[in-house]
Structure formats: structure tokens, C-alpha cells
Amino acid sequence: MKVLVIIPAYNEELNIKKVVSNLIDHYPQYNYVVVNDGSADSTSQICHQEGYNIIDLPVNLGLAGAFQTGLKYADQEGYDCAIQFDADGQHRPEYIEDLLKEIENGYDIVIGSRFVTEKKPFSMRMLGNRMIERAIKFSTGKVLTDPTSGMRMYSKKIIHEFASNINYGPEPDTISFMIKQGASVKDVQVKMDERTAGESYLNLTRSIAYMLRMMLSILFIQNFRKRRKAD
Amino acid sequence: MSIYLRIILVVISMLSMMNVMKRVRRFKLQIENSIFWIIFSLLLILVAVFPDPMFWLAELLGIQSPANIVFLFVIFILLIKTFNLTLEISQLQYKIQELVQKIALDENKKNKEADKEEK
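Criteria and thresholds
- Residues numbered from 1 in each chain as written.
- Chains lettered and ligands numbered in written order.
- Predicted model: local features only at pLDDT ≥ 70, side-chain atom pairs only at ≥ 80, totals over all residues.
- Heavy atoms only, no water.
- Helix = DSSP H or I, 4+ residues; strand = E, 2+ residues; numbered from the N terminus.
- Rg over C-alpha atoms; globule rule 2.2 N^0.38 Å.
- Buried < 20%, exposed > 50% of the residue type's maximum accessible area, 1.4 Å probe, protein only.
- 1 Å grid on protein atoms, 1.4 Å probe; cavity = no way out; pocket = protein on both sides within 12 Å on 5 of 7 lines; lining within 4 Å.
- Points joined across faces, edges and corners; volume = space filled by probe spheres on them.
- Nonpolar A, V, L, I, M, F, W, Y, C, P; charged D, E, K, R; others polar.
- UniProt positions renumbered as here; feature names shortened; annotations may be inferred.
- Axes fitted to C-alpha atoms, helices over the stretch in contact; angles between N-to-C directions.
- Parallel < 35°, antiparallel > 145°, perpendicular 65-115°, else oblique.
- Contact = heavy atoms within 4.5 Å.

Per an unreviewed UniProt entry, chain B is named DUF2304 domain-containing protein, and its organism is Hominisplanchenecus faecis.

Under an unreviewed UniProt entry, the name given to chain A is Glycosyltransferase family 2 protein, and the organism recorded is Hominisplanchenecus faecis.

Laid out in C-alpha cells, this is it:
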């Protein structure tokens, strides 16, 4: 199976080299592409210097737009599956293999979850995670143990659908929608690291806005959507 | 607030919410952009169904009719929304400008390289 690791990067000059060189040195069986989302720092220069495979977006699109660029690339180059991989060093490449196995078993979407066998801690940070888990359970009947995990692998037919349509951002509400529409989704236990350097995008206001959007979307809006199978 | 105003509020809000959902369904509207209108409609329905806080607010602010409070509230929200839309349009215009310039400059570079190769 041809696997593409999509690495969306926005102002990740402190982490990008470590993440990509680790991938190249230890996991040469996977292809990768860095999607630079119009970074203002030297993310792009570093990638060009090192000769990485990079797509430079001339303007900032946000994570959804950057990741979709990676999916379009995967679709165009005929990859069998694609995985979203954070540029900040949170995701560990040794788990790609475990996710890939489930795609080979026929699942449409496989999520690298921190809480399949591990217990989810009762912390402020996990409150949102828990609420989204409940909402998805209510809406679809299925338990996703780590709905906010960004480490998700998509099969070929899903890549095409996500790459060519509106409202397919890499967020829990899209996954909830896909489950409702009959896609098969599987959780796989992974470990994640704390981000090694740089700042997280989420602050309190943004977190609240994000939660509001997710809850409304999962519990309400997604019920009215229909799926367009692009083939 | 008359019962008629309340009924109109509920009906219009329901219709506009259905309209928003139709656009999402037809792949015309991004979910991010639909959130505001859904919350706004829900709020108006809430006000129409439970008008008591409006009476209380009207008294507090010395405004004669609670209906006026509703209008004021709607105007405020729409003003803020309009300003935010202006901001977004402004950023979009600039992004388009950057994109067009980038494409044109790339084209220029490509043509020059092609000319060099011919010579």
C-alpha cells in the first residue's frame, strides 16, 4: 500500500526539521508531504534547504484548507491511504504501521487514540474531549475514545471524497457525519508526546468557540447534511 | 410584546434556520459560517417564547416597550456582524490580491526561463 504522511505546518520552524528528518531516516517506507500554510517564520526556507517534499501555500488557509491540499495531492498521485501528522512532534511515526493495518483490514477511517486501553484523565483539557465523545455517542451510537486526536488515517475512497468537497474538515464533526453515513471508523491505541516547542493554537476563548461549533455541528447541523459520493 | 410579534419572530427564525440548513445541504455554505445564523435564530426563538427577561430589561433601561428592546438587541448584533463581515471581506480582498500577484510573477519568471532556454 502506498502511504502518504501529510504534515500541515504553520509557523513550525522549531519543530519541523526534527519531525521530518525522523520520518525520512527511520521510516523510509512512507512518503510524506509538508504543506506549509503560509507560515510567517522560516518553516518554508528550512524545508527547501533540507530538500523536503513541500507544498507552499501562498496565503494562510487554516488547518482544514492546508490538510485538504495534502489530500488533493494524495488523490492526484494515486496514494492508497493518507495520514494527518502534526508538525509539532506530538505524533509518533512508529504507530503509523498499526493504523495502516486497520486500513488494510478494510476500515475507511482509522484514528490514533490515546484512550483505547489507557484511561482518559479527568482534567480540564479532557473536558472538551469527553463532551465531544458524548455528543458523537448520542448522535451516532458509536464510541470514539479520542475524537479530538489529530492523528487520523483515511482510505483511498475517503481521500477522494474529502479532497473534492466542502465541509470535510479534519475535525470530529466530520468524523461523526461519516459514521452516520455508513463509513467504518476504528480506534487504535497510540502514545502521543507533548508538543516539543512553540505555542499551542488553542487558548480559552478559541477553545470555547471551538466547543460551541463542534457541539452544534455534531448534534444539529450534521443531521441535515447529505453525502455526495464523488466517483 | 404582542402575541403576533412573538409568532412572527418564531416563524421567521424557523424559516431562516431552514434556509441556512438548505445551503449547508447543497454544498453552498461552510459549517463555520452557518453557526452564527443558527445561534442567532435560536436566540430570537428563545426571546419570543420566554419574553419575561425583555420586560425586566425594558423597565431597567426605562424603555417603554419590550419590543423595542428586541429591536435594539437585533440591531446591535447585526451591526457587529456587519463590521466583522467587512473585516473578513477586507482580508479576502488582500488574499486575492496576493494570489493574483503571485500567479502573475510566477508566470513572468517561467516565461523568462523559457526565453533563456530558447536562446
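What follows continues from the structure just given.
Glancing now at the overall build of chain A. Per the secondary structure count, chain A includes eight helices and seven strands. Taking 231 residues into account, the globule formula puts the C-alpha radius of gyration at 17 Å, and chain A, at 17 Å, falls close to it. Structurally, chain A occupies a C-alpha span of about 50 × 40 × 35 Å along its principal axes. Relative to its 231 residues, chain A shows a buried fraction of 52%.

This paragraph deals with the layout of surface pockets. Residue and element names in this part refer to chain B. If you add up the space inside the second largest pocket, you get close to 180 Å³. Around the second largest pocket sit Lys 28, Leu 29, Gln 30, Asn 33, Trp 37, Lys 81, Leu 85 and Glu 88, which together line it. Residue assignment for the lining of the second largest pocket shows that the elements contributing at least two residues are helix H2 (31–49) and helix H4 (66–118). Here the lining of the second largest pocket takes three residues from H4, the largest share from any one element. Its residues assigned to classes, the lining of the second largest pocket shows three nonpolar, two polar and three charged.

Let us now look at unusual backbone geometry. Not every positive phi belongs to a glycine, and Asn 11 of chain A is a case in point at roughly 50°. Mapped onto the elements, Asn 11 of chain A comes out in the loop between strand E1 (3–9) and helix H1 (16–26). Owing to a relative accessible area of 32%, Asn 11 of chain A belongs among the partly exposed residues under this scheme. Despite not being glycine, Phe 27 of chain B shows a phi value in the positive range, around 65°. Take Phe 27 of chain B: it is sitting in the loop between helix H1 (3–25) and H2.

A few words now on the UniProt feature "domain: Glycosyltransferase 2-like" (unreviewed entry) in chain A. As annotated in UniProt, the feature "domain: Glycosyltransferase 2-like" (unreviewed entry) corresponds to residues 5–161 of chain A in the numbering used here. This span, residues 5–161 of chain A, is 41% helix and 17% strand, and a straight line between its end C-alpha atoms measures 18 Å.

What follows covers the packing of helix H3 (residues 52–61) of chain B against H4 of chain B. All names here are of chain B. Running from amino to carboxyl end, H3 crosses H4 at an angle of 90°, the nearest separation of the two axes being 8 Å. Considering the angle they form, H3 stands roughly perpendicular to H4. From H3, Met 54, Phe 55, Leu 57, Ala 58 and Leu 61 reach across to H4, where they touch Pro 66, Ile 69 and Val 70. Residues of the contact of H3 with H4, tallied by class, amount to eight nonpolar, no polar and no charged.

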